[in-house]
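Coordinate analysis (summary)
One letter stands for each residue in the lines below.
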Amino acid sequence: KKLHEVASSSLSRNEQESNFQKQELEILRGQHQESLGMLGHFQMKIQEMEETQKAKKAEHSAAGFQPLLDAKEAKIRELEVLANRNRQLAAQVRSRSRSDA
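Right, let's walk through the structure included here. Model, not experiment: these values are computed from the prediction.

Inspection of the entire model under this criterion finds two salt bridges. With a shortest N-O distance of 2.9 Å, R29 and E26 are connected by a salt bridge. One end of the pair is R29 and the other is E26, both in helix α1 (residues 2–100) and three residues apart, which spans about a single turn. Judged by its relative accessible area of 45%, R29 falls in the partly exposed class. Here K75 makes a salt bridge to E78, at a shortest N to O gap of 3.8 Å. Taken as a pair, K75 and E78 lie in helix α1 at a separation of three residues, close to a single helical turn.

Calculation rules
- Positions within a chain are numbered from 1, following the residues in the order the chain's sequence is written.
- Residues qualify for local features only when their pLDDT is at least 70, as the model is predicted, and side-chain atom pairs are given and counted only at 80 or more; totals for whole chains, interfaces and linings, by contrast, use all residues.
- Based on all heavy atoms of the structure, the side-chain values leave hydrogens and waters out of the count.
- By convention in these notes, a salt bridge is any Lys or Arg side-chain nitrogen within 4 Å of a carboxyl oxygen on Asp or Glu.
- Per the convention used, a helix needs a DSSP run of H or I reaching at least four residues, while a strand needs a run of E reaching at least two, with both numbered from the N terminus.
- Three labels apply to residues, based on accessible area from a 1.4 Å probe with only protein chains included: buried if under 20% of the type maximum, exposed if over 50%, partly exposed otherwise in between.

Here it is as structure tokens:
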């Protein structure tokens, strides 16, 4: 009879321990799911921040090139004015040489 009580008591303790471990496992599963959700959220935030950073770098880089672009455009306009003046002079020279002939 004593052996039966010991076995029964041991079985009851094992069941309690098993139930406790099952509860802990469920808690850990919930925490794991929550961690996965947070991880996904943070990965999206990191990606957004990286894209924002890339855009800012591109914007900054473009702003750095703007003075060079402005200078090139001014030089092009200057060359166009000179080319037009040369065409006019050439036309005048042709006109004079025709009238002289």
